[in-house]
Amino acid sequence: MAVNKKARALYFMFFDGIETMAANAIQTFQERRTLKKYVRHMPKLTSEQKKAVREFWKPYCKIDTDWIRFYSFINGKFDPRYIPNDLQYTKIDQYFNNRKLGYGFNDKNYYSLIFPDIKQPKTVVRKIGGLLFDENYRQIDIEKAESLLVIRPEVIVKPSQESGGGRDIKFYDTKADIEELKTVLCDKREKNLIIQDIFKQHHELAKMHPKSVNTIRIFTLMMEDGVHILLASLKVGVNNNRTDNFCANSSIVAGIKENGELMNRAFLNECSNQTTDRHPQGMFLNEVRIPSFGKMLDTAKKAAQYIGNFRLVGWDFSVDEDGNIVLIEANMRKGGIIPNQFAHGPFFGDLTERVLNEVFGRK
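Only a predicted model underlies this, so the values are computations on that prediction, with no experimental measurement involved. (Residues numbered from 1 in each chain as written. Predicted model: local features only at pLDDT ≥ 70, side-chain atom pairs only at ≥ 80, totals over all residues. Heavy atoms only, no water.)

Caption draft 1: Spatial organisation of helix α8 (residues 178-186). All of the buried residues along α8 are Ile178, Leu181 and Leu185. The buried side chains of α8 occupy one side of the element, clustering within an arc of 60 degrees when seen end-on. In α8, those exposed residues whose orientation departs by more than 90 degrees from the buried face are Glu179 and Thr183. (Buried < 20%, exposed > 50% of the residue type's maximum accessible area, 1.4 Å probe, protein only. Helix = DSSP H or I, 4+ residues; strand = E, 2+ residues; numbered from the N terminus. Arc of directions from axis to C-beta.)

Caption draft 2: Fine view of the pairing of strand β11 (residues 312-319). Burial runs high along β11: eight of the eight residues are buried. By the alternation rule, side chains of β11 split into Leu312, Gly314, Asp316 and Ser318 and Val313, Trp315, Phe317 and Val319, which are all buried. Bridge analysis of strand β6 (residues 215-223) against β11 gives six bridges, and the strand direction is antiparallel. In the sheet register, Thr220 faces β11, and the bridge partner there is Val313. (Pairing = 2+ DSSP bridges.)

Caption draft 3: Expanded view of the packing of aromatic side chains. Applying the stated criterion to the full structure yields 20 aromatic pairs. Cluster of aromatic residues (ring-pair linked, three or more members): Tyr38, Trp67, Phe70, Tyr71, Tyr82, Phe267 and Phe342. Seen from the ring of Tyr137, Arg126 lies directly overhead, with NZ or CZ sitting 4.2 Å from the centre. (Phe/Tyr/Trp six-rings, centres within 6.5 Å; stacked < 30°, edge-to-face > 60°. Lys NZ or Arg CZ within 6 Å of the ring centre and 35° of its normal.)

Caption draft 4: Region of the structure containing the pairing of strand β1 (residues 123-128). With respect to burial, β1 is a largely interior element, six of its six residues being buried. Pairing between β1 and strand β5 (residues 193-197): four bridges, direction antiparallel. By the bridge assignment for β5, Thr123 is matched with Gln196. Across four bridges, β1 lies against strand β2 (residues 131-134) in antiparallel orientation. Among the inter-strand pairings, Lys127 is bridged to a residue of β2, identified as Leu132. With antiparallel pairing between neighbouring strands as the criterion, β1 and β2 make up a hairpin whose turn holds two residues, including Gly129 at a positive phi of roughly 60 degrees.

This is the structure:
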């Protein structure tokens with residue numbers, strides 16, 4: 001017997017609502033617990049600053065002013081428009097991005113289909129649902145996968161889903177580590193992986209830290225009048241780390257100006273106001289300019305229009321040795337805001353009130 005559409009919608013709304021409420025409660029608790037640890041030794045806001053925060057946020061919601069205290073201290077400039085982490089992840093992000101679609105849609109194994117005309121690292125083998133496929137989605141066995149792998153010197157293996165922050169990314173020498181690599185591909189516990197070639201990045205990005213693929217995070221927001229670029233930051237690995245994970249202290253983050261030049265300070269970690277005007281290995285920030293930056297911004301705007309169910313996206317791009325823009329990852333939900341508010345100030349900048357008016361249903 002067919003289920004009434006309205007009844008089915010109510011059913012899913014009820015159970016999805018419970019799951020979302022539980023997830024949001026956990027997220028809020030974790031974010032606020034971390035916040036209290038961060039601000040413990042930071043100067044408090046003045047009474048005038050607290051008043052400015054309350055007045056700005058009064059039309060929308062009540063927030064913990066310690067978020068403004070945290071970001072104002074790290075950035076060095078007070079502004080009531082900083083976006084609290086808990087509000088970003090449990091309200092704003094979920095308004096702009098389809099949470100249910102996000103779990104499956106944001107799978108690196110399908111970037112080739114979603115963004116077919118945007119260059120990506122060359123895929124060698126795909127593991128989807130526990131089965132193996134080649135680059136063109138033809139099913140293969142482990143022997144065929146091995147033959148595709150051993151003809152290149154090295155590959156990178158990534159979880160294709162929920163792999164933000166460089167989690168569980170590994171590099172393999174295909175000659176010395178082939179048996180271990182085959183074990184990974186046959187492991188029934190890990191069902192979704194993508195194995196790719198190591199591409200050679202542009203010399204301008206490599207000269208600061210050649211061991212890691214250094215990426216540019218660009219946030220786009222799609223509004224009724226089109227796609228807006230919110231901000232851009234460069235993540236660079238440090239101390240011979242091969243990934244550029246800021247949260248794990250394996251990278252530094254520097255804001256990027258509109259002309260592709262780096263701002264004059266980079267942030268060293270997510271819980272202090274330690275900054276530097278040079279990479280830990282010695283190169284000054286003002287010696288680096290992002291290659292093909294204008295083209296990269298255009299690519300981000302183009303890609304954003306392919307995925308209308310995800311209006312707020314954090315794109316990770318790099319540039320290959322020939323100056324081509326390369327898409328590394330599309331963060332279609334919960335793109336991290338911490339290092340970006342450090343470097344640029346309020347996440348939505350001059351769009352802040354417009355964004356909040358839409359999210360909270362104000363005319």
